[in-house]
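Remarks on the overall topology
Single-letter residue listing:
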Amino acid sequence: MYRFLLTPRWWGINLFAVLAIPLCVFMGTWQLGRFEDRVQSHEQAAKQPAPGARAAKPLDDLLPVDTVTSGRPATATGRYADQFLVPGRELDDKSGFYVLNMLRTDDGKALPVVRGWLPGRPGHTPVPAAPAGEVTVTGDLQASENTGTDGVDTAGGLPDGQLGMISAASLVNLVPYDVYDAWVTLQDTDSDAEDGALRPVPAVAPQGSGLDLKAFQNLGYTGEWFVFAAFVLFMWFRLVRREAEAARDVRLGLVPDTDADAGTRTA
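Notes on the structure follow. Just so you know, the residues in each chain are numbered from 1, in the order the chain's sequence is written. For a predicted model such as this one, the threshold for reporting local features is a pLDDT of at least 70, and the threshold for listing and counting side-chain atom pairs is 80 or more; totals across whole chains, interfaces and linings nevertheless cover every residue. Based on all heavy atoms of the structure, the side-chain values leave hydrogens and waters out of the count.

**Digging into the environment of Gly164**
Numbering of helices and strands runs from the N terminus; a helix is a DSSP stretch of H or I covering at least four residues, while a strand is a stretch of E covering at least two. Here Gly164 lies in the loop between strand 5 (134–142) and helix 3 (168–171). For each residue, the accessible area found with a 1.4 Å probe, counting protein chains only, is set against the maximum for its type, and the residue is called buried under 20%, exposed over 50%, and partly exposed in between. Judged by its relative accessible area of 9%, Gly164 falls in the buried class. For the pair Gly164 and Gly88, spaced 76 residues apart in sequence, the C-alpha to C-alpha distance is 8.3 Å. Whether two residues are in contact is decided by their heavy atoms, any of which lying within 4.5 Å being enough. Excluding residues that lie within four positions of it along the chain, Gly164 makes contacts with Val86, Arg89, Val152, Asp153 and Leu158.

**Considerations on the pairing of strand 5**
When DSSP finds at least two bridges between two strands, those strands are taken to pair. Of the strand pairs in this sheet, strand 2 (residues 73–91) and strand 5 are connected by 7 bridges, and their pairing is antiparallel. Counted as the bridge partner of Thr77 is Thr136 from strand 5. As paired strands, strand 5 and strand 6 (residues 183–186) are joined by 4 bridges and run antiparallel to one another. Bridge pairing in strand 6 places Gln142 opposite Trp183.

**A closer look at the nonpolar core**
Taken as a class, soluble globular proteins show a tendency for nonpolar side chains to be buried jointly. Here the nonpolar core consists of buried residues drawn from Ala, Val, Leu, Ile, Met, Phe, Trp, Tyr and Cys, with membership extended through side-chain atoms lying within 4.5 Å. One finds Phe84, Tyr98, Leu100, Met102, Val114 and Ile166 to be the most contacted residues of the largest nonpolar core, which totals 18 residues. Breaking this core down by element, the ones donating at least two residues are strand 2, strand 3 (94–105), strand 4 (110–119) and helix 3. In contact with Met102, not counting residues within four places along its chain, are Arg79, Tyr80, Ala81, Asp82, Phe84, Ala110, Leu111, Pro112, Leu171, Val175, Tyr177 and Val179. Listed in part, the 15 residues of the second largest apolar core include Leu62, Ala76, Leu111 and Ala182.

Laid out in structure tokens, this is it:
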């Protein structure tokens, strides 16, 4: 009854099913693994102590920035050099900008340091001057921003002295020295809590470490791939059953052979 499975037409159908089902299962498993990784990183981030409760370490000991070192207090010593204002940044639902200074370390490489946040627009709000001479800063370590970071300005065309994205890639074209692929945000701004004073910028969790929309997209894709696998298997069994029933009807003389062939071709 099932000799039709060995015909050339059915070889193609069988080959498609044999390849499609494992592929769908593999992709579903992979998406599920991505979701589980995000859940695990979220749980690890939740178990970590607050940044202020952890001891500060030298910057070089915490690089490169990953989900473990992100947010850790880092120390670096040097002299403040170029200053940039980062517009379009919000704090407590208020619009403002970051004040970022490049800290030139002894080896000549510079660390971007966000000294704080100010309300208003760059160029219209007075900015406190950076400390002069050699300083040692302690700030929460952050990975370089990218186009997916909240508040990043990718449109370009900013005035001189302004920066749309805090990253080594965007700064390397603006300063004549090497830049660390990381930055720190100071929690002690050495400013009073009065109008015009710098406010500390809280550290944020690293991208991909929380249960965000992308995590649930991974879970949704998992279900889709498993549904595709089940659909392919269902359609294969349905086609086999219809072909077998048609062959049985021909064998019993219920339908002419030509009609059965036409029926299986349209199935």
